[in-house]
Amino acid sequence: MNDSLGTTGLILNEPLLWEKGKAGRCGFSLPKRDVDPCPLEPELVGHGPDFPDLSEVDVVRHYTRLSQWNFGVDTGMYPLGSCTMKYNPKTNERQASLPGFSGAHPLIPESLCQGILQMMAELEAYLAEITGMDAATLQPAAGAHGELTGMLLIHAWHRKRGGQRTRIIVPDTAHGTNPASVTLCGYRPVPVVSNDRGILSAEAVAAVMDEDTAGIMITNPNTLGLFEEGILEIARIVHAKGGLVYCDGANMNAVMGVVKMGKIGVDVMHLNLHKTFSTPHGGGGPGSGPVCVKKDLEPFLPVPRIVKREGRFALDHDRPDSIGRLQAFYGNVGVMLKAYSYIRAMGPEGLKKASQMAVLNANYLKEMLKTTLHLPYDRPCMHECVFTDKFQAPHHVTTLDMAKRLMDYGFHPPTVYFPLVVAGAIMMEPTETESKEDLDNYIAAFEAIAEEAKTEPGLLRHAPRKCKVRRLDETAAARKPCLAG
Ligand SMILES: *Cc1c(COP(=O)(O)O)cnc(C)c1O
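Along every chain, residues carry numbers that run from 1 in the direction the sequence is written. Residue-level local features of this predicted model are given only where pLDDT is at least 70; pairs of side-chain atoms are given and counted only at 80 or more, and the full residue set underlies all totals for whole chains, interfaces and linings. Computation of side-chain values covers all heavy atoms of the structure but excludes hydrogens and water.

A. Quick look at the environment of Asp 74. Put simply, DSSP H or I for four residues or longer makes a helix, DSSP E for two residues or longer makes a strand, and each gets a number counted from the N terminus. Position of Asp 74 relative to the elements: it lies in the loop between helix H2 (56–68) and helix H3 (90–96). Remark: exposure states derive from per-residue accessible area (1.4 Å probe, protein chains only) relative to the maximum for the residue type, with buried under 20%, exposed over 50%, and partly exposed in between. Classification of Asp 74 by relative accessible area gives exposed; the value is 55%. Asp 74 sits 13 residues away from Tyr 87 along the chain, and the two C-alpha atoms are 7.0 Å apart. Within 3.5 Å is the distance limit for a polar contact, defined as a pair of N or O atoms, with the added protein rule that one can donate a hydrogen and the other accept it, and that residues adjacent in sequence qualify only through two side-chain atoms. At 3.0 Å, the side chain of Asp 74 and the side chain of Lys 90 are in polar contact.

B. Examining empty space enclosed by the protein more closely. Only protein atoms enter the calculation, which uses a 1 Å grid: trapped sets of points that fit a 1.4 Å probe without letting it out are cavities, open sets showing protein on both sides within 12 Å along at least five of seven lines are pockets, and any residue with an atom within 4 Å of a point is a lining residue. Grid points are joined across faces, edges and corners, and a volume is the space filled by probe spheres set on the points. Tallied over the full model, the rule gives one cavity of 30 Å³ or more. By volume, the largest cavity is sized at about 50 Å³. Taken together, Leu 224, Leu 226, Lys 366, Leu 375, Tyr 377, Cys 381, Glu 384, Cys 385 and Val 386 make up the full set of residues lining the largest cavity. Amino acids are sorted into nonpolar (Ala, Val, Leu, Ile, Met, Phe, Trp, Tyr, Cys and Pro), charged (Asp, Glu, Lys and Arg) and polar (every other residue, Gly among them). Residues that form the lining of the largest cavity fall into these classes: seven nonpolar, no polar and two charged.

C. Quick look at helix H13 (residues 436–455). With 20 residues, H13 extends 28 Å from end C-alpha to end C-alpha; this agrees with the ideal 28 Å at 1.5 Å per step. Along H13, the residues classified as buried are Leu 439, Tyr 442, Ile 443, Ala 444, Ala 445, Phe 446, Ile 449, Ala 450, Glu 452 and Ala 453. Contacts: residue pairs with any heavy atoms within 4.5 Å of one another. In this fold, the buried residues of H13 make contact with helix H11 (333–369), helix H12 (399–408), strand S12 (426–428) and helix H14 (457–461). A helix is expected to reach a length of 1.5 Å times the quantity of its residues less one.

D. Expanded view of the sheet that holds strand S6 (residues 268–271). Pairing is mixed across the open sheet formed by seven strands, whose spatial order is S1-S7-S6-S5-S4-S2-S3. Each of the sheet's edge strands pairs with one partner strand only, and the pair in question is strand S1 (135–137) and strand S3 (188–192). Strand-to-strand twist across the sheet, computed as the mean angle between neighbouring axes with direction ignored, equals 25 degrees. In terms of strand pairing, S6 meets strand S7 (residues 291–293) through three bridges, oriented antiparallel. Considered in S7, the bridge of His 270 is made with Val 291. On the sheet, helix H6 (residues 143–160) packs against strand S2 (167–171), strand S4 (213–219), strand S5 (244–249), S6 and S7 and is oriented at approximately 170 degrees with respect to S5. For two strands to pair, DSSP has to find at least two bridges joining them. To obtain an axis, a line is fitted to C-alpha atoms, over the contacting stretch when the element is a helix, and the angle between two such axes runs from 0 to 180 degrees between their N-to-C directions.

E. Focus on the pattern of salt bridges. Salt bridges, as used here, are contacts in which a Lys or Arg side-chain nitrogen is within 4 Å of a carboxyl oxygen on Asp or Glu. Inspection of every chain in the model, using the stated rule, returns 25 salt bridges. Across the salt bridge formed by Arg 305 and Glu 124, the nearest N and O atoms sit 3.7 Å from each other. On the criterion of sequence distance, the pair formed by Arg 305 in strand S8 (residues 305–309) and Glu 124 in helix H5 (residues 114–131) is long-range, its members being 181 residues apart. When its relative accessible area of 6% is taken as the criterion, Arg 305 is described as buried. Among the residues examined, Glu 124 registers a relative accessible area of 9% and is labelled buried. Salt-bridge contacts for Glu 229 lead to Arg 379; the nearest nitrogen and oxygen are separated by 2.7 Å. Taken as a pair, Glu 229 in the loop between S4 and helix H9 (231–240) and Arg 379 in the loop between H11 and strand S10 (385–387) lie far apart in primary sequence, 150 residues in all. Look at Arg 379 and you get buried, because its relative accessible area is 13%.

F. Molecular detail of the domain arrangement of the chain. Segment limits for the domains were obtained from an automatic or database-derived domain assignment. What the domain assignment reports for the chain is domain 1 (90–345) and domain 2 (348–479). A separation of 30 Å is found between the C-alpha centroids of domain 1 and domain 2. Residue-level contacts link 27 residues of domain 1 with 20 residues of domain 2. Inspection of the domain 1/domain 2 interface yields one salt bridge. Partitioning the side of domain 1 that touches domain 2 into residue classes produces 13 nonpolar, ten polar and four charged.

G. Representation of the environment of Thr 415 within the structure. Along the polypeptide, Thr 415 turns up in strand S11 (residues 415–416). A residue is classified by how much of its surface remains accessible, and Thr 415, at 12% relative accessible area, is buried. Distance from Thr 415 to Pro 79, taken between C-alpha atoms, is 7.7 Å for residues 336 residues apart in sequence. Once residues lying within four places of it in the same chain are set aside, the contact partners of Thr 415 are Pro 79, Leu 80, Gly 81, Ala 425, Ile 426 and Met 427. Among the polar contacts listed, one links the side chain of Thr 415 to the backbone oxygen of Gly 81, at a separation of 2.7 Å.

H. Structural context of the site of the ligand. Residues in close proximity to the ligand total 15 residues, the closest being Gly 143, Ala 144, Asp 248, His 274 and Lys 275. Here an oxygen atom of the ligand sits 3.1 Å away from a polar atom, N or O, in the side chain of Asn 272. Note that accessible areas follow from Shrake-Rupley with a 1.4 Å probe, and for residues the cover is restricted to the protein chains shown. Here the ligand has 380 Å² of accessible area as a free molecule, and 90% of this is covered by the chains. For the shell around the ligand, the secondary structure elements donating two or more residues are H6 and helix H10 (273–276). Looking at the shell around the ligand, the element that brings in the most residues is H6, giving three residues. Along the lines of polarity and charge, the residues of the shell around the ligand split into three nonpolar, nine polar and three charged. The near set for a molecule or strand comprises every residue that places at least one heavy atom within 4 Å of it.

In structure tokens form, the structure reads like this:
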């Protein structure tokens, strides 16, 4: 490997603004006053927030330094499995910030936002086309929100047919949000164990599917990065007992233009625009988890629906079977615009190519690293691959140690200890936007770390060494956040 990409140089320390402030310091200078002062109303005095006094350069340096401590896809490779942290073209951000879009208020009348409504109607149609489904809603604000929407749709569909059910099948490879969404909707999740090939077998589903089960919630490709090959047969079993098939489509980045979920038995599914379609996941910003359905479920979609009447787009609230509103306004329009721009720029061939490259990159990592790290399911993967720390266990080096050490080599660590079905999991999703050189550097870093595990395990146990902070107490950081200065 060439010189380490890890931080070494001029990364400056920075105190809190409260520690930095000096009473009386100021960020501007005004000419001397030539009118008499006019005192504030007494009730306004002394009630302002206790902001520190700072100069302009204090503030600029503070935020610039903090921004340099950050790591994102614009900084380097971010192989966080299950998150699709790909590089997203800046042009899509640009289209989303055009003043006509970014300046529109959600309460403006339909007649003044025909462009946004048209964009949304077309995006719904594109997503339905990409997934092979019949209709879509853009309202859900996240993947998990889409799952809940899907569960509510399934619930409404059963109610309309006059027979409510109580259970939903959820495989053990499901994303953690799946059983949560099932429970939130009032159903009971029924776990099914995946087989030794890391996928769900039709027999396991047949053994639990009954007439009290409303359906199955299946992630495809699943959280092991494997395609659920039995899905056609599984869908047939579920449908034969009057259930519906929900597909968690957050991993669509692996199969765009390759698999039409509507053609393989899926009745309802969600997508994560903030993974697959040009917004990064985990950025803390707004998301969008559109839900696509087959014709039978369309009447239940949330209101308002975007319709076209006499050549004009309108919002239709008159849908008696609808599950209702999912949020106050339209959904997160900025995220939709980026997805729209991305899909239009890529076209069907471009999307397919992106998925093919994502799968190629993941398989390249898998093949190159499988002698360095233990690979529990040695078979072609989709967009991500899952290793473990089994080879390093004799040296008392864990997944966490290796992930922390990777930061010293200048890479964001992969996802660790997920999926739960694999002990000591290390889950990598390189995405289509990493070059072969970047992948090779990443592979070399892991090879070096595996060598260190043998020769200098202490180095790993105390990693990271070059980062601003060493090992944090992650539990305390989550449970007892210190937000004030
Ligand atoms: C990311 C992800 C989700 C959840 O999406 P959020 O937008 O974070 O709520 C659900 N399922 C799978 C498989 C995912 O990868």
